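Here's the letter readout for the chains.
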There are 2 protein chains.
Amino acid sequence: MNHKRIVVASLAIGLSSATLAQTIGKPEDQIRWRQSVMQTLGWSMGRIKANIDGTYNKDQVIQAANTIQALANSGSGALFTPGTDTGKGWRDTNVKPELFTNSAKLKEVGMAYNKEANEMAKVAATGDSAAVKAQFGNLGKSCKGCHDEFRKEEKK
Amino acid sequence: MNHKRIVVASLAIGLSSATLAQTIGKPEDQIRWRQSVMQTLGWSMGRIKANIDGTYNKDQVIQAANTIQALANSGSGALFTPGTDTGKGWRDTNVKPELFTNSAKLKEVGMAYNKEANEMAKVAATGDSAAVKAQFGNLGKSCKGCHDEFRKEEKK
């Protein structure tokens, strides 16, 4: 991947957007918003899975995939400002401090998520449930790639 | 507006999607997800406002407007299943019971929100900050239209 593509992909997920545009919110707002974005992603992934496992509804899968795509391109990385490795939004943050220091790995997993989310929306539009199932697997791996690196075990 | 357009707009915001596709989640999941969608909308609205009030960054406004558009077309209305007029997600729901009974009003305010969110994304793409400011006002009114009818006063 050439330099330009790396920069574009990094900007899409917002890793550097604080240098381009204003970051809003107090730390507790940012943590609550990013937890909300993650939950909205979780809802959307759950909907796609329900369609794969149950009766396939093309329109619902498109709704969910478009939501995931928009969030993956929303610049939500800007909500991880330095100093928010601890703090409470809806609940205590589960982020690992490494997210704020290992920028190379963050870029890698962030770009993978961005790529797979964009592809998910394209595949959903076709209505091909087998292709959706395959791409859902790829997207899920990209989610896990970031969670494994940068999210603490969920507290139950 | 003709009947077909009403049906299409209603489906877009998910008022009837439970009849088309599986609804997922327990009541507490649905409440937490809809609260998360609302927070993600609030974050996105705040970002657009910060750009209107401060230095205008076209890309950030597009990111936020596209997020709002995707959420307005996500079918999140399906998260308001009967019986979820009480219950706790991240916190106790603020929904008024009228949302589950006044379907005519719900359709009216839902369609307005959908229309203004789609328009917001179109206007954001132009990069015309004055037009964005005007459309932000229209979109904000459509949010308020639903909140006034169907959301209890926020508990501070």
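Up top is the structure.
This text gives an overview of the structure that appears in the document. Small disclaimer: the values here were computed from a predicted structure and weren't measured.

What counts and what doesn't
Residues numbered from 1 in each chain as written. Chains lettered and ligands numbered in written order. Predicted model: local features only at pLDDT ≥ 70, side-chain atom pairs only at ≥ 80, totals over all residues. Heavy atoms only, no water. Helix = DSSP H or I, 4+ residues; strand = E, 2+ residues; numbered from the N terminus. Contact = heavy atoms within 4.5 Å. Areas by Shrake-Rupley, 256 points an atom, 1.4 Å probe, with all protein chains shown as cover. Least-squares fit on C-alpha atoms with pLDDT ≥ 70 in both. Buried area = accessible area lost by both parts, 1.4 Å probe. Salt bridge = Lys/Arg side-chain N within 4 Å of Asp/Glu carboxyl O. Polar contact = N/O pair within 3.5 Å; in protein donor to acceptor, adjacent residues only side chain to side chain.

### Observations regarding the overall build of chain A
- Scanning chain A from terminus to terminus reveals 5 helices and 0 strands.
- The linear arrangement of helices and strands in chain A, starting from the amino end, is α-α-α-α-α.
- Of the contacts formed within chain A by residues at least 6 apart in sequence, a portion of 73% connects residues at least 24 apart.
- For chain A, the accessible surface area stands at approximately 7700 Å², while carbon and sulfur atoms represent 55% of it.

### Here's the deal with the relation of the copies chain A and chain B
- For the match of chain A to chain B, the screw axis carries a shift of 0.0 Å, the RMSD comes to 0.0 Å, and the turn is 180°. Both copies are brought into coincidence by an operation consistent with a two-fold rotation axis. Rotation axis and chain A: the residue whose C-alpha lies nearest the axis is S36(A), separated from it by 2.1 Å.
- Comparing interface residues between copies, 100% of those in chain A also lie at the interface in chain B; the contact surface is shared.

### Observations concerning the interface of chain A and chain B
- Taken together, the contact between chain A and chain B spans 34 residues of the former and 34 residues of the latter.
- At the boundary of chain A with chain B, total buried surface from both sides reaches about 2800 Å², with 60% on carbon and sulfur atoms.
- In this structure, the connection of chain A to chain B is made through 0 salt bridges.
- At the junction of chain A with chain B, the criterion picks out 6 residue pairs in polar contact (both at pLDDT 80 or more).
- Counting only elements with at least two residues in the side of chain A that touches chain B, the list comes to α1 (3–13), α2 (27–53) and α3 (58–72) of chain A.
- Sorting elements by how many residues they give to the side of chain A that touches chain B places α2(A) first, with 12 residues.

### Points about the pattern of salt bridges
- Inspection of every chain in the model, using the stated rule, returns 12 salt bridges over all chains.
- Residues joined in a network through salt bridges with shared partners are K105(A), E108(A) and E149(A).

### A look at the environment of G137(B)
- Summarising the element assignment, G137(B) is placed in helix α5 (residues 129–150).
- Taking the C-alpha atoms as reference points, G137(B) and N94(B), separated by 43 residues in sequence, lie 24 Å from one another.

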